[in-house]
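Breakdown of the fold
Next come the chains, spelled out residue by residue.
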Amino acid sequence: MLGAQQMAHTSPALVVKGDLGRAPHDRYLLVSAAGQTEWVDDPQAATAFPSMREAMRMAMRLPAGLRAFGLPREPELALHRGH
C-alpha cells in the first residue's frame, strides 16, 4: 500500500511505442482484463498505469525491438487533443 507521501509523487502513466519513422504518430499500450496486449492510437483508450515506475516496468517486459517507454498520461492526453 502506498503512503500519503508516495501517492503525492505518483501520477498515471502510459506505455508508448514510437515507430521511429515508420509511422506518423506514437501508439499506446492497451492491456485487456485477460492480459492480452494491443497497440491503440488513442491515449484515452490506453491502459493507465498507476505510476511511471509501473509503466516503465511493463515497457521493459516487451520485446526490445518495440522500443516502448513510459510517458506521463496527462500531458500526452493534452497533446493528443491538440491534433
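Summarised in this report is the structure supplied together with it. What you are looking at is a predicted structure, and each value in this text was computed from that prediction instead of being measured. (Residues numbered from 1 in each chain as written. Predicted model: local features only at pLDDT ≥ 70, side-chain atom pairs only at ≥ 80, totals over all residues. Heavy atoms only, no water.)

**Remarks on the overall build of the protein**
Stated precisely, the cut-off is as follows: Counting from the N terminus, the helices are the DSSP runs of H or I reaching at least four residues and the strands are the DSSP runs of E reaching at least two. Residue exposure (1.4 Å probe, protein chains only): buried if accessible area is under 20% of the type maximum, exposed if over 50%, otherwise partly exposed. Residue contacts follow a heavy-atom distance rule, with two residues in contact if any of their heavy atoms lie within 4.5 Å. Reported accessibility uses the Shrake-Rupley method at a 1.4 Å probe radius. Residues are deemed covered only where the shown protein chains occlude them.
Along the protein, the regular secondary structure elements total three helices and four strands. When the elements of the protein are put in sequence order from the N terminus, they spell out α-β-β-β-α-β-α. Every one of the 83 residues in the protein was classed for burial, and the buried ones make up 30%. In the protein, the proportion of contacts linking residues at least 24 apart, taken out of those at least 6 apart, comes to 55%. For the protein, the exposed area adds up to about 5,700 Å²; of that, 57% sits on carbon and sulfur atoms.

**Quick notes on a nonpolar patch on the surface**
The test is simple: A patch consists of residues whose relative accessible area exceeds 30% and which take part in no salt bridge; residues with like charges are grouped when within 9 Å of each other, and nonpolar side chains (Val, Leu, Ile, Met, Phe, Trp, Tyr) when within 5 Å. Within this document, salt bridges are pairs made up of a side-chain nitrogen of Lys or Arg and a carboxyl oxygen of Asp or Glu, the two lying within 4 Å of each other.
A surface patch of nonpolar side chains, amounting to about 360 Å² of accessible area, comprises Met52, Met56, Met60 and Phe69. With three residues, helix 2 (residues 52-61) is the single largest residue contributor to the nonpolar patch. Positionally, Met60 belongs in helix 2. Assessed through its relative accessible area of 62%, Met60 is described here as exposed.

**Re the sheet that holds strand 4 (residues 68-72)**
Put simply, the test is: The pairing criterion is simple: DSSP has to find at least two bridges between the two strands. Angles here are taken between N-to-C directions and fall from 0 to 180 degrees, while the axes themselves are lines fitted to C-alpha atoms, restricted in helices to the stretch in contact.
In space, the four strands of this open sheet follow the order 3-2-1-4, with antiparallel pairing throughout. Strands at the two margins of the open sheet, each flanked by one partner only, are strand 3 (37-40) and strand 4. Here the average twist between neighbouring strands, direction ignored, is 45°. The pairing of strand 2 (residues 27-31) with strand 3 spans four bridges and is classified as antiparallel. Bridge pairing links Leu29 to Trp39 in strand 3.

**Considering the pattern of salt bridges**
By the definition in use, this model includes three salt bridges. The salt bridge involving Glu54 is made with Arg57; its shortest N-O contact spans 3.1 Å. Residue Glu54 and its partner Arg57 are located together in helix 2, separated by three residues, close to a single helical turn. Given a relative accessible area of 27%, Glu54 falls into the partly exposed group. Its relative accessible area of 34% is what places Arg57 among the partly exposed residues.

**Some words on unusual backbone geometry**
For Arg67, which is not glycine, the phi torsion reads 50° and is therefore positive. Turning to its location among the elements, Arg67 is positioned in the loop between helix 2 and strand 4. Under the relative-accessibility criterion, Arg67 is labelled exposed at 53%.

**A word on the environment of Met56**
By secondary structure assignment, the location of Met56 is in helix 2. Accessibility expressed as a relative area gives 30% for Met56, which makes it partly exposed. Apart from residues lying up to four places away in sequence, Met56 is in contact with Phe69 and Gly70.

Everything listed here is a matter of geometry and, on its own, says nothing about what the molecule does.
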